[in-house]
Amino acid sequence: MMPTLDEMVRHTFAQAQGRLTPQAPLGARTWFRVGGNAEWLYQPADAQDLASIMQRLPPELPVTTLGACSNVIIRDGGIEGLVIRLARGFAAIEVEDDALVVGSACLDATVAEQAAAAGLGGLEFLSGIPGSIGGAVRMNAGAYGCDIASVLDWAEIITRDGTLLRLDNAALRFGYRRSGLPEGATVTRARLRATPANPADISARIAEIRTSRESTQPVRARTGGSTFRNPDPAVSSRKAWELVDAAGCRGLRVGEAQVSEKHCNFLLNLGHATAADLEGLGEEVRSRVAQHCGVSLQWEIKRLGRTKAPQQ
């Protein structure tokens, strides 16, 4: 008799160094605090452990990699297959003369702070981006006039078949809020260029960025970062938030989900929202903007998983 997929997964992880958890709740790990379970959650010990696991995984098993979950809605039915969550084994920071080599689990803000302490400038913009480096590389995160594409030398990845690769900036084919990472690949670390500068000046710029965020964005709410990408200038000269505002969506609610009144390109969980509430609100906003402004807004937040849990 052929082994079941469940039996194959358990066999694959028998010698793993990290931690495997079946039916692991994911909602509390996300900034929105919503979402169902991971069918399997694996937290690898390090890159070699992850590569070894990927080499042995059944090819038909879906694999999803999560970082800080700051810009993601995990749907109420959870995520089928294997969810990889990178943590302590991917959080090292190495300071070089003109760069930082950082693990993909490092928070963007932590990298900015470490650069400041080392007297390396040019990475201050990371203090204005919620999330971790792995996600920042995947989506070419940016803020305050700079993005990952402008500072990244290379990223190391592990492909779906467990191959370890180092890709330079050109190979990643960065665009606006996107990269050309291979399908199913996981970023493990990256080298970010920086320039020697006065630590006090760097720290002052970070403080300035944080003050700006505090005053313009709902940073202390259950939110998920920018909801929609800014449209191509050839399509509209207005930013996403301006289009949302023009369509009368500031403060709009679906259930316990609300468009922020402080910055209307942010969605909020007012306390008991479901993932369906949040995604439904986002789709309602897209519909109203399309009707009012003739622009089809594109989601920047990733929506992952099943809308409903499968019947047992």
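Worth saying up front: this structure is predicted, and the values here are computed from it rather than measured.

Re the overall build of the protein
The secondary structure content of the protein amounts to 7 helices and 18 strands. Expected size for 312 residues packed as a compact globule is a radius of gyration near 20 Å; at 20 Å, the protein falls within 12% of this value. Projecting the C-alpha coordinates of the protein onto the three principal axes gives extents of approximately 60 × 55 × 35 Å. Burial statistics for the protein: of 312 residues in total, 48% are counted as buried. Pairs at least 24 residues apart make up 65% of the contacts formed inside the protein by residues separated by at least 6 positions. As displayed, the protein offers around 14600 Å² of accessible surface, 49% of which is attributable to carbon and sulfur atoms. Distance between charge centres in the protein, computed from 34 positive and 34 negative side chains, equals 4 Å.

Side note on unusual backbone geometry
With a phi close to 50°, Asn 140 is a non-glycine residue in the positive phi region. With respect to the helices and strands, the residue Asn 140 is situated in the loop between helix H4 (133–139) and strand E9 (142–143). Despite not being glycine, Arg 173 has its phi angle at roughly 50°, a positive value. Of note, Arg 173 is situated in the loop between strand E12 (164–168) and strand E13 (186–193).

Things to note about the state of the cysteines
What the rule picks out here adds up to 0 disulfides. Here Cys 264 is not disulfide-linked; the sulfur of Cys 249 is the nearest cysteine sulfur, at 8.1 Å. Unpaired in this structure, Cys 293 has its nearest cysteine sulfur neighbour in Cys 249, at a distance of 8.7 Å. For Cys 293, a relative accessible area of 19% puts it in the buried group.

Here we look at the side chain of Thr 223
Looking at the secondary structure, you find Thr 223 in the loop between helix H5 (199–216) and helix H6 (240–246). Here the side chain of Thr 223 touches Leu 267 through a polar contact of 2.7 Å, landing on its backbone oxygen. Here Thr 223 is in contact with Trp 31, Phe 32, Ser 70, Pro 218, Phe 266, Leu 267 and Leu 268, once residues within four sequence places are set aside.

A short note on the nonpolar core
Within the largest apolar cluster, 34 residues are counted, with the highest numbers of intra-cluster contacts made by Val 111, Leu 123, Leu 126, Ile 133, Val 137, Leu 152 and Leu 192. Those elements giving two or more residues to this core turn out to be strand E7 (99–103), helix H3 (108–117), H4, strand E11 (152–158), E13 and H5. Among residues more than four places away in sequence, those in contact with Val 137 are Ile 148, Leu 152, Ala 155, Phe 174, Ser 179, Val 187 and Ala 190. By size, the runner-up hydrophobic cluster in this structure holds 25 residues, among which are Val 34, Leu 252, Ala 273 and Val 295.

Regarding the pattern of salt bridges
Taken as a whole and assessed by the stated rule, the structure comprises 17 salt bridges. We note a salt bridge from Asp 153 to Arg 193, for which the minimum N-O separation is 2.7 Å. In this pair, Asp 153 sits in strand E11 while Arg 193 sits in strand E13, placing the two residues 40 residues apart along the sequence. On the basis of relative accessible area, Asp 153 is assigned to the partly exposed category, the value being 22%. By relative accessible area, which is 35% here, Arg 193 ends up partly exposed.

Details of the side chain of His 263
Residue placement: His 263 occurs in the loop between strand E16 (257–259) and strand E17 (267–269). His 263 gets classed as buried once you look at its relative accessible area, which sits at 18%. Non-local contacts of His 263, meaning those with residues more than four positions away in its chain, are made with Thr 216, Gln 217, Pro 218, Trp 241 and Arg 250.

Rules used throughout
- Residues numbered from 1 in each chain as written.
- Predicted model: local features only at pLDDT ≥ 70, side-chain atom pairs only at ≥ 80, totals over all residues.
- Heavy atoms only, no water.
- Helix = DSSP H or I, 4+ residues; strand = E, 2+ residues; numbered from the N terminus.
- Rg over C-alpha atoms; globule rule 2.2 N^0.38 Å.
- Buried < 20%, exposed > 50% of the residue type's maximum accessible area, 1.4 Å probe, protein only.
- Contact = heavy atoms within 4.5 Å.
- Areas by Shrake-Rupley, 256 points an atom, 1.4 Å probe, with all protein chains shown as cover.
- Lys, Arg positive; Asp, Glu negative; His and termini not counted.
- Charge placed at Lys NZ, Arg CZ, Asp CG, Glu CD.
- Disulfide = S-S within 2.5 Å.
- Polar contact = N/O pair within 3.5 Å; in protein donor to acceptor, adjacent residues only side chain to side chain.
- Core = buried A, V, L, I, M, F, W, Y, C linked by side-chain atoms within 4.5 Å.
- Salt bridge = Lys/Arg side-chain N within 4 Å of Asp/Glu carboxyl O.

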